[in-house]
Amino acid sequence: MIELSHVGLRYDGGPEVLSDISLTIEQGSFHYLMGSSGSGKTSLMRLLHMGKLPSRGHITMFDEDVAKSSRPKRAALRNNIGVIFQDFRLLHHLSIYDNVALPLRLLDQPEKKIKSAVTEMIKWIGLGEYGHVRPPFLSGGQQQRVAIARAIITKPKILLADEPTGSLDDPMGDSIMKLFEELNKRGMALIVATHNKGTVERFPHPLLKLKAGHLV
Amino acid sequence: MALPSSHILPSSAFRHIGFMVLFMAVIAGFSALGLLTTQTVTKSWIQDTQNKMTLEILAFDEEEKVVFDQQRIEQNLAKIQKIIDGDPIIVSVDVTRFDNADDIDKEYQIPSPIFMTFSLHPDRAKNAEQRIMNEIKENVVQTIFKKPEIWQADINRTALTFRFAFISLAIGVFFVTSLVLSATIRTQLQASDKTLKLIYLMGADVSIIVSLFQRALIKPIIWGGIIGLICTGFLFSPAVVFLNIEIQPLLFYGYLCMIFLTFVVVSYIITSFTVRNALKTMP
Ligand SMILES: Nc1ncnc2c1ncn2[C@@H]1O[C@H](COP(=O)(O)OP(=O)(O)O)[C@@H](O)[C@H]1O
Ligand SMILES: [Mg+2]
């Protein structure tokens, strides 16, 4: 589904923060992306959702060479990818409902369909009562769940989660991991960046280990 | 794509743009009305002068630098009246004197000129007044004639000044508004930079994002324009009625709509440019 071959990334002509990364993500797989802070987890996630293009090597996504694709083509590819950003990136001027509905609206779905999908999704993440509330009025864990809801509302083929349990206590983090396992059972591929060893032990899945920009 | 921008962008983002367009619409209406007023007034003045000729019987001799006495001036008047008496092209004569007040002693009175306004027959032969002018000039040397054309030239010069002022006003305000509009759009888009990049990473194509912001803009512009047109109507219709201005509503509103459309186009281009520029660095 996604293939990286000898990929390197540098920011603005700086040193390589990712070097010689080669990996394959299969449909329906579940990987952890582990590594200490600054090892390049977020940078690798950026390559995977085309927030950046590699400075060397090749990335193939859904049989398309990313570097050679046109912008509209890349936009279409991105529609298959759900992203949970490390900093959530919720829109603070919109309600929870509108935040979650955003990707569907960008796909120009009919408002009726959006309503049933979003209402169900908000219920599923346990925030059914909070549809009209804006993100700043929610706790970190609640915002995290809104970010998840927004990332999966379009039923993407792969979900990229950048340290989704980072700021949460274990019970809260575990409840989110349970959400992820449920999504994975439904066929969604996941890559979860984390440096929480406890999480990995309680919910075991294959590891991709990053160390100073290299896969080890 | 009929994506409702209100569900994505802050509703306040472009609100003050509406006020700017409103302001511009009123100023544009004012300048259009000014132009029309000038036109109407000029037309009626020119009509007034069409069949009028004026004559000043001078109170002094330019060349010899002598002041005539009042008696001589009166004699000249009598001569002129005799010449024109019974002339078929002269309908009536109006004599205006600038008499000094009675309480001033007659002895020190400064002689004053006499102004005559001839109403000419509207169906006279072309330049028929020239014959009378020549005859008077032969008999009474110290006179200054003003034919209709000269009055009209004066009026047209004045009208031109007014027209220039009103047009400059419209153009000036138009440019200032366009500039402020551009600046506002750019500032607002910069403030929406996070939203812009987020929805791009969600898989929205650049053209969709551009049209999203354009639609967010068009609403306040249309509201500002409509309210501006209504305000213009309310503010200026008393003037139109009072001054009896000939107004072609179609032309008047057509002109305002033109300005309005220009704003829409300017906003669209700036939005497209700024959004594309903001996303330039994104893959
Ligand atoms: N936008 C950026 N511009 C320049 N350097 C960056 C940027 N983002 C990350 N880096 C650098 O890349 C390296 C890896 O960072 P990051 O991918 O954020 O690691 P992690 O997510 O594992 O903490 C760090 O040295 C960091 O300073
Ligand atoms: Mg990170």
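Procedures and definitions
Residues numbered from 1 in each chain as written. Chains lettered and ligands numbered in written order. Predicted model: local features only at pLDDT ≥ 70, side-chain atom pairs only at ≥ 80, totals over all residues. Heavy atoms only, no water. Near = heavy atom within 4 Å. Polar contact = N/O pair within 3.5 Å; in protein donor to acceptor, adjacent residues only side chain to side chain. Areas by Shrake-Rupley, 256 points an atom, 1.4 Å probe, with all protein chains shown as cover. Helix = DSSP H or I, 4+ residues; strand = E, 2+ residues; numbered from the N terminus. Buried < 20%, exposed > 50% of the residue type's maximum accessible area, 1.4 Å probe, protein only. Contact = heavy atoms within 4.5 Å. Pairing = 2+ DSSP bridges. Donors = N, O, S within 2.8 Å, 3.2 Å for Na, K, Ca; no water. Core = buried A, V, L, I, M, F, W, Y, C linked by side-chain atoms within 4.5 Å. Salt bridge = Lys/Arg side-chain N within 4 Å of Asp/Glu carboxyl O.

**Student:** Please explain the site of ligand 1 as it appears in this structure.
**Tutor:** Residue and element names in this part refer to chain A. In the neighbourhood of ligand 1, the contacting residues comprise Y11, V17, S36, S37, G38, S39, G40, K41, T42, S43 and R46. At a separation of 2.9 Å, an oxygen atom of ligand 1 approaches a polar backbone atom of K41. Here T42 contributes a side-chain N or O atom positioned 2.7 Å from an oxygen atom of ligand 1. Protein burial of ligand 1: of its 550 Å² of free accessible surface, 59% is covered by the chains.

**Student:** It is not clear to me how the side chain of S19(A) should be interpreted in this structure. Could you clarify?
**Tutor:** Residues and elements named next belong to chain A. Its location among the elements puts S19 in strand 2 (residues 16-25). Accessibility expressed as a relative area gives 9% for S19, which makes it buried. Engagement of the side chain of S19 in a polar contact is seen with the side chain of E16, the distance being 2.8 Å. Apart from residues lying up to four places away in sequence, S19 is in contact with V7, G8, R56, G213 and H214.

**Student:** Please clarify how the sheet that holds strand 2 of chain A should be interpreted in this entry.
**Tutor:** Residue and element names in this part refer to chain A. Read across the sheet, 4 strands follow the order 2-1-4-5 without closing on themselves; strand pairing throughout is antiparallel. The open sheet has two edge strands, strand 2 and strand 5 (64-65), and neither has a second partner. Taken together, the 6 bridges between strand 1 (residues 2-10) and strand 2 define a ladder with antiparallel strand orientation. Counterpart to E3 in the pairing with strand 2 is T24.

**Student:** Can you walk me through the coordination of the magnesium ion (ligand 2) in this structure?
**Tutor:** By definition of the ideal shapes, four donors in a tetrahedron about a metal sit 109.5 degrees apart, and six donors in an octahedron sit 90 or 180 degrees apart. All names here are of chain A. Every protein donor of the magnesium ion (ligand 2) is accounted for by T42 (OG1) and Q86 (OE1), and the metal-donor separations fall at 1.9 to 2.3 Å. In this pair, T42 sits in helix 1 (residues 41-48) while Q86 sits in the loop between strand 6 (81-84) and helix 3 (96-106), placing the two residues 44 residues apart along the sequence. The class of T42 is partly exposed, set by a relative accessible area of 24%.

**Student:** Could you clarify how one ought to interpret the nonpolar core in this entry?
**Tutor:** Side chains that are nonpolar tend, in soluble globular proteins, to be buried together. Among the nonpolar cores identified, the biggest contains 80 residues, and L4(A), L44(A), M61(A), I17(B) and I209(B) are the most heavily contacted of them. The contact partners of I17(B), leaving out residues within four places of it in the chain, are L181(B), T184(B), I185(B), L217(B) and I221(B). Membership of the second largest hydrophobic core comes to 39 residues, among which are L90(A), I122(A), L127(A) and L168(A).

**Student:** Help me out: how do you make sense of the pattern of salt bridges in this one?
**Tutor:** Pairs may arise between side chains of opposite charge once their charged atoms sit close together. All names here are of chain A. One pass over the structure, following the stated rule, counts 13 salt bridges over all chains. Close ionic contact of E16 with R56 constitutes a salt bridge, the shortest N to O distance being 2.6 Å. Note that E16 is positioned in strand 2 and R56 in strand 4 (residues 56-61), a separation of 40 residues in sequence. E16 sits in the partly exposed class, given a relative accessible area of 25%. With its nearest N and O atoms 2.5 Å apart, the salt bridge here joins R105 to E111. Among the charged side chains, a network of salt bridges with common partners joins D98, R105 and E111.

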